[in-house]
Each structure stands twice: as C-alpha cells, then as structure tokens.
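Spelled out, the chains give:
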Amino acid sequence: MLFQFLGGLGLFLFGIKYLGEGLQNSAGDRLRNILDSLTTNTFTGILAGLFVTMLIQSSSATTVLTVGLVNARMLTLRQAVGIIMGANIGTTFTAFIIGFDAAGFGLPLLAVGAFFVFFIRSYKYVFIGRILFGLGGLFFGLQLMGAGMEPLQTSLNFKNITDHLNDQPFLGIAAGTLATMVLQSSSATVGILQQMFSMDLIHLGGALAVLFGDNIGTTITAVIAAVGASQNAKRAALVHVLFNVIGTVIFVVFFIPYKSIIVWLTKTMHLSPAMEIAFAHGFFNVGNVLIMFPFISFLVYAVTRLIRDDEWTVDTQTVKLDEKVINSSPEFALHQARQELLKMAAYSREGLKQALLFFQTRKNRYADTAMQYEEEINRFDRQLTKFLVKLSIHSLSKNESTEHTMLLNLCKDIERVGDHMKNMIDLVCFMARNNIKLSEVTSRDFENMMILTQSCLDKAIMALETNNKSMAEEVLSIEDDIDEMEKTLRKKHIQDINNNLSTGQESVVYVDFISNLERIGDHSVNIAEAVLER
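Residues numbered from 1 in each chain as written. Predicted model: local features only at pLDDT ≥ 70, side-chain atom pairs only at ≥ 80, totals over all residues. Heavy atoms only, no water.

**Quick notes on the overall build of the chain**
Working step 1: A count of helical and extended segments in the chain gives 24 helices and zero strands.
Working step 2: The buried share among the 534 residues of the chain stands at 52%.
Working step 3: Within the chain, counting contacts between residues at least 6 apart in sequence, those at least 24 apart form 81% of the total.
Working step 4: Carbon and sulfur atoms make up 60% of the accessible area of the chain, which amounts to about 24,900 Å² in all. (Helix = DSSP H or I, 4+ residues; strand = E, 2+ residues; numbered from the N terminus. Buried < 20%, exposed > 50% of the residue type's maximum accessible area, 1.4 Å probe, protein only. Contact = heavy atoms within 4.5 Å. Areas by Shrake-Rupley, 256 points an atom, 1.4 Å probe, with all protein chains shown as cover.)

The following block contains the structure:
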C-alpha cells in the first residue's frame, strides 16, 4: 500500500515536471521575455503569470522566476505582484486536468509519448511526446495513488484523523501547509486531495481547509529563493506569502457561504468529486485575486515598510524606451535615449563616489553599493544599445545621425567607467585579502588622484546634462592634470621599486589602480568632447 502510493506520487510528480518541460520547450526559451514584456501594467502581469504557469505547470517555478527577475532588476515590485496573482490562478489548471476522469488514458498516453520521444527525430514531435508522456505519468500516477489509498477506506484510525480535519479547519490548514512544504508542489497535494475526496476519505469541509493550507505551503519555494537576494526580491516573496495568507483568512471568515457556493456549483453542473475540488481551488484563487486587486498599492506599501531598504541600497529606475516611437518619430526616440543615457551617467558618478568611500574606509557596504551601480550601468547599456541599433536601420537626418552616433559612443564610454570602477573595488579587495598595506604617502596620493578623477567625471556629466561648453573645457584641463599626476606617480613608484621599498604585489596594485583612474579621466574627456562638438 505505502510503496504503491509513494510510487504513484513519484510518477505523478515526474509527470507534472515532464509535462511542464514539454510545454516550455514547445513555447521556446521565451518565458523571461514573456514576463518582462507582458507586464506593462498589473492586469497584463496577471495574464502573463497565468499563461507562464499554465505552460510550466508550477506556480512555485513562476514565482521563483519572478523573484529572480526582480532580483536582476528586470521587473519592478508592482509588476511582480501581478505575475504572482496570475500564477496563483494558473496553478489551478493542473487540478482541472486531474478533474477529468482520464485515469484509463494514463498508460496509452505513456506509450504514445514514449514512441514520439524515442522513435521520431523531429524536435517538434519530441516536445509533443514529452507533453503526452507527462500527461500519461500524471494520470497513471493518480491511478496508483488511488489504488494505494484504497485500504484507508476501511481504516478506523485514518477515519479518526480525517474526522479531526473535518471538525477543526485550522488543523486541516496546517496539514495542507506542511504537506505542500514537504512536497514542494501544491499541484501534487491538491491531486492527492482530489483522490481522497473522490474515495470519500475526507469530507468537503476538511478538504477545503486542506486546500487553503496547500495555497499557503506553496509560498515556501519563493521564500527560499529570496534568501540572500535583493530587498525587492525579498518583498516579492513576502507578497506571495501575504497574498495567500490574507486570502485564506478571508475565506475562513466566509467559510460557510464559500462552502455553500461549491455545493451549489456541484449540484448545478453535476461535477465529479475531483472536479468539485478543482472548482473549489479555482474559485479560491480567482476570488482572492478579485478581492486583492484593488489593494495592490497597499500590498506593495506594506511589504516595503516591513522590509526596509538598506541605507546603501541603490534606487533603481526603469529604462523608459518605447520601441514603438522608432518608426513614428526617430527624433523623439533619440530624445528618449538621451534621457536614459543621463540616468546611466548619474549612476557612474554615484558609483565612483562609493568606490572612493570604500578605498577610504574599507567598509563593505560602499563596495556593495558601487557594485549595484555597476550592475545598473550594464543594464542601461544593454537596453540602450539594443534600442539605438534598432533605430539605426531607419532613415535619419544628418543631425539625427550625428546625435545617434554620439549616444552610442557615450553609452560605451559610461559603461567603461563602470568597468574601471569595478576594477578599483576588486583591487582594494585584493589588498585586503593579501594583507597589502599602502604607505600613508601612497594612500594620500591615490586619494588625491581619485578626488581629481571624481571631479573630472562630475564636470563631464554636468556639462552633458546642461550642454555647458565652458564646463566641458574645464574637463579637458582637469584631465591634463590627471595625466600629469599619473606620470609623476609612475616615476615615483619606479624609484620605490629600485630602492626595494615596494613588493611585486604592491606594484601590481599600484600600477593598475592609477591606470584605471587615468582611463576614467580619458572617458570623461570623450564625454566633454561630445558636448563641444554638438
């Protein structure tokens, strides 16, 4: 009995996984793009979450994917809330599949699916075979679980347990939560519940309570995925928890009318027991979304207050580039690109400040903040470059073509500033790991050069923002000072080596550090020259 149930459960879980992989492969590797592109507002986010969850057959996987995108700053927290809501609806799809009395099709589907996978070369049919094999495994696994649970129908001990679940809803909620946490799949626990209810091992009241617990337990995967992630990723996981817990509280309060609606639907539509649970599952999740939808802003506010930003967390911004305007108005598209480039430039300026603070204090929080800025710079660079390349295939006037080339070049200059900033942080970390101590004079020289380089970059970006040509001229003058300082420091360092005052490791750090600063000065000059040439 036990091994038959566990074997059926294993086959059922494998079937869900294989079905999801088959559907996912059929759709292509576009799930992240679907989530990223179909989340312009909360409603489309819900549809995206629903669609992706139906494809991969796992709300946990969708939520983990969403947490990952939030952590990578490809989605905002508000967009993530919509996807999580849609995922909760999408996960009911499996319950409706199980609700159809298709247990007898399990073995034929396994046979047909295996034939497609092993004997047909075309990838298209292999993916179809995986879908069929997954469905077959799902149905046959359910059949085995049902057969494994048949002896429980005559077990007085098991009847006493289920009577407790029927009489004490909170015990049922706890049981459902624990079971889903262990199995890491609400689809599996709902499938088991459908089998139990079909065999009259549990009454409707107890089944609904367990169903509530299943919805709470499925949030554990997102919570685990958010450990060590960004603050917004943790907030997205907390949204998932709060959404399902609040929904459960609401439905427990209105348990009697909810149960009455399910009974009425069953009688009206002549539903089978398994389909009755599927409808109860669907009604809970759709109802929860409808109830919580007007309070999304409050939900976002609540998790933001509960999980506060670290003092060094970067205030990320969405890259606002609308590819639709490329065809209609290249001039406005260039204006959009310029505005986003200025945001990117501001990140490089702030990141260099944090790198200087890290050098002065050796406090990791400044390095962490600088690295966040560097990630943001790279994100803006990718999206800006993609946007400008698409714009380049359209007909542009002479002035627009000049502006377009300038923006592409500046994008790379600013991205390189971020790279050099990262290199300096890596060098400071290398010094700490290898216990390399700089002399007081050397530290002061580095600091002076960093301050001069920071001033150079600040003025270059300010000149770009205000189109101030006189300030751009100042940048050229400051960069001459940086070059002169670099030559002086190199000569001084050679003297230290000749006098055996510097080790090999110190030499590597010394040369690389001033070289990175000098290169930032060069990129600042490129920005200033772009202003002068306009």
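**Quick look at the nonpolar core**
Working step 1: Membership of the largest hydrophobic core comes to 64 residues, with the highest contact counts inside it found for Leu341, Met344 and Phe513.
Working step 2: Sorting the residues of this core by element identifies helix H18 (324–328), helix H19 (330–361), helix H20 (364–392), helix H21 (398–433), helix H22 (440–466), helix H23 (469–498) and helix H24 (504–532) as the ones contributing at least two each.
Working step 3: The biggest single contributor to this core is H19, with 13 residues.
Working step 4: Once residues lying within four places of it in the same chain are set aside, the contact partners of leucine 341 are Leu384, Leu407, Leu410, Cys411, Ile414 and Leu464.
Working step 5: The next biggest cluster of nonpolar side chains, apart from the first, holds 28 residues, and it includes Ala95, Ile192, Phe197 and Ala278. (Core = buried A, V, L, I, M, F, W, Y, C linked by side-chain atoms within 4.5 Å.)

**Re empty space enclosed by the protein**
Working step 1: Under the definition given, this model contains one cavity of 30 Å³ or more.
Working step 2: Considering only enclosed or pocket space, the largest cavity measures out at about 40 Å³ in volume.
Working step 3: Along the walls of the largest cavity sit Ser59, Asn88, Thr91, Ser186, Asp214, Asn215, Thr218, Asn244 and His281, which together make up its complete lining.
Working step 4: Across the lining of the largest cavity, the residue classes tally to no nonpolar, eight polar and one charged. (1 Å grid on protein atoms, 1.4 Å probe; cavity = no way out; pocket = protein on both sides within 12 Å on 5 of 7 lines; lining within 4 Å. Points joined across faces, edges and corners; volume = space filled by probe spheres on them. Nonpolar A, V, L, I, M, F, W, Y, C, P; charged D, E, K, R; others polar.)

**Some details on the UniProt feature "coiled-coil region" (unreviewed entry) in the chain**
Working step 1: When the UniProt feature table is mapped onto this chain, "coiled-coil region" (unreviewed entry) is found at residues 461–488.
Working step 2: The span residues 461–488 is 93% helical and 0% strand by assignment, and the distance between its end C-alpha atoms comes to 27 Å. (UniProt positions renumbered as here; feature names shortened; annotations may be inferred.)

**Section: a nonpolar patch on the surface**
Working step 1: Taken together, the side chains of Val245, Val249, Val253 and Phe254 make up a nonpolar region of the molecular surface, amounting to roughly 360 Å² of accessible area.
Working step 2: Along the chain, the position of valine 253 falls in helix H14 (residues 231–253).
Working step 3: Given the relative accessible area of 58%, valine 253 is considered exposed. (Patch = residues over 30% accessible without salt bridge, like charges linked within 9 Å, V, L, I, M, F, W, Y side chains within 5 Å. Salt bridge = Lys/Arg side-chain N within 4 Å of Asp/Glu carboxyl O.)

**Some thoughts on the packing of helix H12 (residues 204–217) against helix H15 (residues 255–269)**
Working step 1: Two elements in contact, H12 and H15, have axes whose closest approach is 11 Å; the angle formed by their N-to-C orientations is 110 degrees. As summarised for this structure, H12 and H15 are arranged roughly perpendicular, according to the angle between their axes. Considering only the axes of H12 and H15, their crossing is right-handed. Contacts between H12 and H15 pair Leu204, Gly205, Leu208, Leu211 and Phe212 from the former with Phe255, Tyr258, Lys259, Ile262 and Val263 from the latter.
Working step 2: When grouped by side-chain class, the residues that make up the contact of H12 with H15 number eight nonpolar, one polar and one charged. (Axes fitted to C-alpha atoms, helices over the stretch in contact; angles between N-to-C directions. Parallel < 35°, antiparallel > 145°, perpendicular 65-115°, else oblique. Left-handed = near helix turned anticlockwise from the far one by under 90°.)

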